[in-house]
Amino acid sequence: MARVIVVTSGKGGVGKTTTSASVSAGLAARGHKVAVIDFDVGLRNLDLIMGCERRVVYDFVNVVQGEATIKQALIKDKKTPNLYVLAASQTRDKDALTQEGVERVIDELKADGFDFIICDSPAGIEKGAQLALYFADEAIIVTNPEVSSVRDSDRILGILQAKSRRAELGEAVKEHLVLTRYNPARVEAGEMLAMNDVVELLSVDLLGVVPESQDVLQASNAGTPVILQEGTDASEAYKDIVARFLGEEKPQRFLTVEHKSLFRKLFGK
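Let me sum up the structure you'll find in this document. (Residues numbered from 1 in each chain as written. Predicted model: local features only at pLDDT ≥ 70, side-chain atom pairs only at ≥ 80, totals over all residues. Heavy atoms only, no water.)

## Let's talk about the overall build of the chain
Spelled out, the test is: Here a helix means four or more residues in a row that DSSP labels H or I, a strand means two or more in a row labelled E, and each is numbered from the N terminus. To get the radius of gyration, use the C-alpha atoms; to get the globule rule, take the number of residues to the power 0.38 and multiply by 2.2 Å. Exposed residues in this analysis have more than 50% of their type's maximum accessible area, buried residues have under 20%, and partly exposed residues fall in between, with area computed by a 1.4 Å probe over protein chains only. By definition, residues are in contact when any of their heavy atoms lie within 4.5 Å. Every accessible area reported is derived by Shrake-Rupley at a probe size of 1.4 Å, with residue values counting cover from the shown protein chains alone. Working convention for charge: Lys and Arg count positive, Asp and Glu count negative, and His plus the chain ends are omitted. Where a charge lies is defined by one atom per residue type: Lys uses NZ, Arg uses CZ, Asp uses CG and Glu uses CD.
Counting its regular elements, the chain contains 13 helices and 8 strands. Compactness check: the chain gives a C-alpha radius of gyration of 18 Å against a globular reference of 18 Å for 269 residues, within 12% of the reference. Expressed along its principal axes, the backbone C-alpha trace of the chain runs to roughly 65 × 40 × 35 Å. By residue count, 52% of the 269 residues in the chain fall in the buried class. By sequence separation, contacts in the chain at least 24 residues apart represent 75% of the contacts at least 6 residues apart. Accessible surface, the chain as shown: approximately 12,400 Å² in total, 48% of it carbon and sulfur. Of the side-chain charges in the chain, 33 are positive and 39 negative, and the distance between the mean point of each set is 5 Å.

## Focus: the pattern of salt bridges
What counts is decided by this rule: Here, a salt bridge means any side-chain nitrogen of Lys or Arg that lies within 4 Å of a carboxyl oxygen of Asp or Glu.
With the rule as written, the count across this model stands at 16 salt bridges. In this structure, glutamate 108 engages arginine 104 in a salt bridge whose closest nitrogen and oxygen atoms are separated by 3.7 Å. Of the two residues, glutamate 108 and arginine 104 both sit in helix α5 (residues 99-111), 4 residues apart, roughly one turn of that helix. The salt bridge partner of glutamate 236 is lysine 239, with a shortest N-O separation of 3.8 Å. On the criterion of helical spacing, the pair formed by glutamate 236 and lysine 239 is a turn pair, its members being 3 residues apart in helix α12 (residues 233-245). On the accessibility criterion, glutamate 236 (26% relative accessible area) is partly exposed. The network of salt bridges with common partners includes Glu230, Glu236, Lys239, Asp240, Arg244 and Arg253.

## Points about the pairing of strand β6 (residues 138-143)
Rules: Note on pairing: two strands pair once DSSP finds at least 2 bridges between them.
The buried fraction of β6 amounts to 6 of the 6 residues, a majority that puts the element mostly inside the structure. With burial as the criterion, each face of β6 is covered, one bearing Glu138, Ile140 and Val142 and the other bearing Ala139, Ile141 and Thr143. When β6 meets strand β7 (residues 174-182), the two strands line up parallel, connected through 6 bridges. In the sheet register, isoleucine 141 faces β7, and the bridge partner there is leucine 177.

## Concerning the packing of helix α7 (residues 147-163) against helix α10 (residues 195-202)
Short version of the rule: For helices, the fitted line uses only the C-alpha atoms of the stretch in contact; every axis is such a line through C-alpha atoms, and the angle between N-to-C directions lies from 0 to 180 degrees. An angle counts as roughly parallel when it lies under 35 degrees, as roughly antiparallel when it exceeds 145, as roughly perpendicular when it falls between 65 and 115, and as oblique in every other case. For any helix crossing, the convention is left-handed if the near helix is rotated counterclockwise from the far helix by under a right angle, and right-handed if that rotation is clockwise. Polarity classes work like this: nonpolar for Ala, Val, Leu, Ile, Met, Phe, Trp, Tyr, Cys and Pro, charged for Asp, Glu, Lys and Arg, and polar for all others, with Gly in that last group.
Between α7 and α10, the least distance of the axes is 10 Å, while the angle of their chain directions is 30 degrees. Between α7 and α10, the angle is such that the two are roughly parallel. Read as a crossing pair, α7 and α10 show a hand that is right-handed. Taking contact as the criterion, the partners of Val150, Ser153, Asp154 and Leu157 in α7 are, on α10, Val198, Leu201 and Leu202. Within the contact of α7 with α10, the residues separate by chemical class into 5 nonpolar, 1 polar and 1 charged.

Interpretation note: all reported values are geometric properties and have no functional meaning in isolation.
Now the structure itself:
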């Protein structure tokens with residue numbers, strides 16, 4: 001049975017699409033058949049991070065409007081078997097998405113044997129975001145350790161609990177938290193919220209912490225999900241997140257400042 005996962009946040013620029021790309025690639029790398037859909041009509045970015053922007057012929061809106069089939073619009077990822085991308089439209093208005101059309105696309109993906117359908121939501125609470133979360137079985141809330149980001153995420157949690165289809169049926173959407181751009185040194189200096197504070201404020205189970213890193217930007221510019229960038233802290237963080245999402249026990253990492261010994265300072269190791 002396919003699981004529909006919305007990746008969402010109240011605020012833009014927190015690493016939502018980066019998380020969608022890495023979680024999708026990580027699940028596919030473990031043998032699951034995964035489709036990731038960009039719901040950010042007019043401002044699409046997922047295809048850039050996935051490195052398939054030049055291969056977009058038909059997009060999500062084309063399928064919703066009946067102008068193309070789902071098979072015509074899905075782009076098979078070249079790096080990861082079992083991973084498919086459905087890009088957003090750059091030229092249409094967000095009103096081009098309809099609840100009936102989105103439901104039909106999701107139902108077709110379920111019928112095609114996908115294990116996971118990842119919905120990369122736009123930030124905020126406009127129509128595209130509401131449609132992305134409406135059909136969700138589970139939600140990954142992406143937030144930064146900043147008061148404004150946490151407050152906006154709390155608002156999104158309220159919408160999930162009130163306006164999703166599961167809420168209408170009296171059921172709960174399973175919620176997970178991913179904390180991005182975490183810098184333990186800044187936490188120690190009182191410039192950021194600590195992980196425990198964010199978890200307490202939102203009351204959501206923590207999937208993992210992604211450290212603040214230039215590797216994320218470099219991977220995005222290279223058109224590669226950062227989880228595939230071997231040997232980086234960000235890649236390891238997302239691998240842990242995928243493992244925990246699949247039910248594995250993994251200790252939380254990247255929460256403390258790494259203090260270099262005198263030997264490491266002298267020899268740069």
